[in-house]
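Structural description and commentary
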Amino acid sequence: MPEKKKLALIVESGTLDRLYCAFILGSTAVSMNWEAHLYFTFWGLQALVKGAMEKATLPSDYAKMEPMMRERLKAMKYPTPYDMLKRMKASGLLKIYACTPTMEMFAIKRETLIPEVDEMVGASTFLTIAADADVTLFI
Amino acid sequence: MPEKKKLALIVESGTLDRLYCAFILGSTAVSMNWEAHLYFTFWGLQALVKGAMEKATLPSDYAKMEPMMRERLKAMKYPTPYDMLKRMKASGLLKIYACTPTMEMFAIKRETLIPEVDEMVGASTFLTIAADADVTLFI
Amino acid sequence: MPEKKKLALIVESGTLDRLYCAFILGSTAVSMNWEAHLYFTFWGLQALVKGAMEKATLPSDYAKMEPMMRERLKAMKYPTPYDMLKRMKASGLLKIYACTPTMEMFAIKRETLIPEVDEMVGASTFLTIAADADVTLFI
């Protein structure tokens, strides 16, 4: 059986637009039967703290677009970022990595993160995965 | 004849600095006889609405640099982002993709986009192109 | 002897979080005996002006996190971005490129940049390196 294609993302951003970018790419990848490896760092990692992703907003430069965007998302019955993450997870093709240096820098403990996190690792794990991936992006 | 090298960019940003990054990379790629595949999403896609690219500004954190940068660009007779896009297009090596989920989220219609857009597609098209590209970046 | 693996980064951002991202990835790469090729453009390039990196701050949207982050970095005795850059440089595996179009756009002269800069080049040099790299990211 041939190896699956792989998507490797560093999710540094924690804003609503960027989380959607990462999760739309991730969801699309798993729907194509690719593996998706998402490494969360900085503001992306902070979005993995329980309850935080639900509060993600657009960057302040785009704040005035947010009410219209939320209205459209509702009308489209578009899934929330956390719903998308859980669906990806259910596919068995998503692995979520939490960046250990970020956890130290912001004093974030494992037990405060959502349970879907698979591993707490440093950048060397990401580089090893990315070196073998078909598509690698920093979001 | 060997296949051309390929650059694949997701253009998520719509600010002047990031549009220049994307278009300098794209222009350089086509000048090297590479194919350039630019997939516009979120604020990048909004820059493809007719008349919008001309109004792109720097992020507010860098607003104070903008008058000096615009003066230098003028002195250098540097092309505008839209001029760069049209020149790339004239090479026959540029393909522009508009992200359909973004169009839905922001209620953007095809007829409001600049005519240089080639296709309206979802992320699976981008991932397929990127998996075969030589350089892939998220801007 | 097999060729070394290669990391190629475009560093467009000049904020503290993004400089740390770039330099943690770069430091990790050289610790794995990879080559690290860092191409600095826009706000990233401006961080290479002597004295500028020391003044890097978080983006204004995250300004309220900065005092806590700085306190933690101090408690961890975490190296500054410039210290990390100098350590990478000492490995002999880091090459630093300054983007010539940015230098022109912002009237930045070579002698104002830190001495660790190896080359002043355009995007074609970066694309050539990236086409041959194992991991390429835009930060």
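Keep in mind that this is a model prediction, so the values were computed, not measured. (Residues numbered from 1 in each chain as written. Chains lettered and ligands numbered in written order. Predicted model: local features only at pLDDT ≥ 70, side-chain atom pairs only at ≥ 80, totals over all residues. Heavy atoms only, no water.)

**Comments concerning the pattern of salt bridges**
The cut-off we apply is this: By definition, a salt bridge exists where a carboxyl oxygen of Asp or Glu is found within 4 Å of a side-chain nitrogen of Lys or Arg. Only runs of H or I of at least four residues qualify as helices and only runs of E of at least two qualify as strands under DSSP, and these elements are numbered from the N terminus. Summary of the burial criterion: residues with accessible area below 20% of their type's maximum are buried, those above 50% are exposed, and those between are partly exposed, where the area comes from a 1.4 Å probe applied to protein chains only.
Evaluation of the coordinates by the stated rule reveals 21 salt bridges over all chains. Glutamate 12 of chain A is the salt-bridge partner of arginine 18 of chain C, the closest N and O atoms lying 2.6 Å from each other. With one member in each of two chains, arginine 18 of chain C in helix 1 (residues 16–31) and glutamate 12 of chain A in the loop between strand 1 (6–11) and helix 1 (16–31) form a pair that bridges those chains. The class for glutamate 12 of chain A is buried, based on a relative accessible area of 1%. Residues glutamate 119 of chain C and lysine 95 of chain C are paired through a salt bridge, measuring 2.7 Å at the closest nitrogen-oxygen approach. Residue glutamate 119 of chain C is found in strand 4 (residues 119–121), and its partner lysine 95 of chain C is found in strand 3 (residues 94–99); the two are separated by 24 residues along the sequence. A relative accessible area of 28% places glutamate 119 of chain C in the partly exposed class. For lysine 95 of chain C, a relative accessible area of 30% gives the class partly exposed.

**Side note on the interface of chain C and chain B**
Threshold: Working rule for contacts: check all heavy atoms of both residues, and any pair within 4.5 Å makes them a contact. Summed over both partners, the accessible area lost on bringing two parts together, with a 1.4 Å probe, is the buried area. In protein, a polar contact requires one atom able to donate a hydrogen and another able to accept it; more generally it is a pair of N or O atoms within 3.5 Å, and residues adjacent in sequence count only if both atoms are side-chain atoms. In this count, Pro and Cys sit with the nonpolar residues alongside Ala, Val, Leu, Ile, Met, Phe, Trp and Tyr, while Asp, Glu, Lys and Arg are called charged and the others, Gly among them, polar.
On the chain B side, the residues contacting the 27 residues of chain C number 28 residues. Of all residues in chain C, the largest losses of buried area upon contact with chain B belong to Trp43, Met105 and Leu127 of chain C, amounting jointly to 31% of the total for that side. Inspection of the chain C/chain B interface yields one salt bridge. In this structure, the connection of chain C to chain B is made through five residue pairs in polar contact (both at pLDDT 80 or more). Sorting the residues of the side of chain C that touches chain B by element identifies helix 2 (42–46), helix 5 (100–105), helix 6 (123–130) and strand 5 (135–138) of chain C as the ones contributing at least two each. Tallying contributions element by element places helix 6 of chain C first for the side of chain C that touches chain B, with six residues. Across the side of chain C that touches chain B, the residue classes tally to 15 nonpolar, nine polar and three charged.

**Points about the state of the cysteines**
The criterion, for reference: The disulfide criterion is simple: two cysteine sulfur atoms within 2.5 Å.
Scanning all chains against the criterion turns up zero disulfides over all chains. Sulfur of cysteine 21 of chain B: no disulfide; nearest cysteine sulfur belongs to cysteine 99 of chain C and is 7.5 Å away. Judged by relative accessible area, which is 5%, cysteine 21 of chain B ranks as buried.

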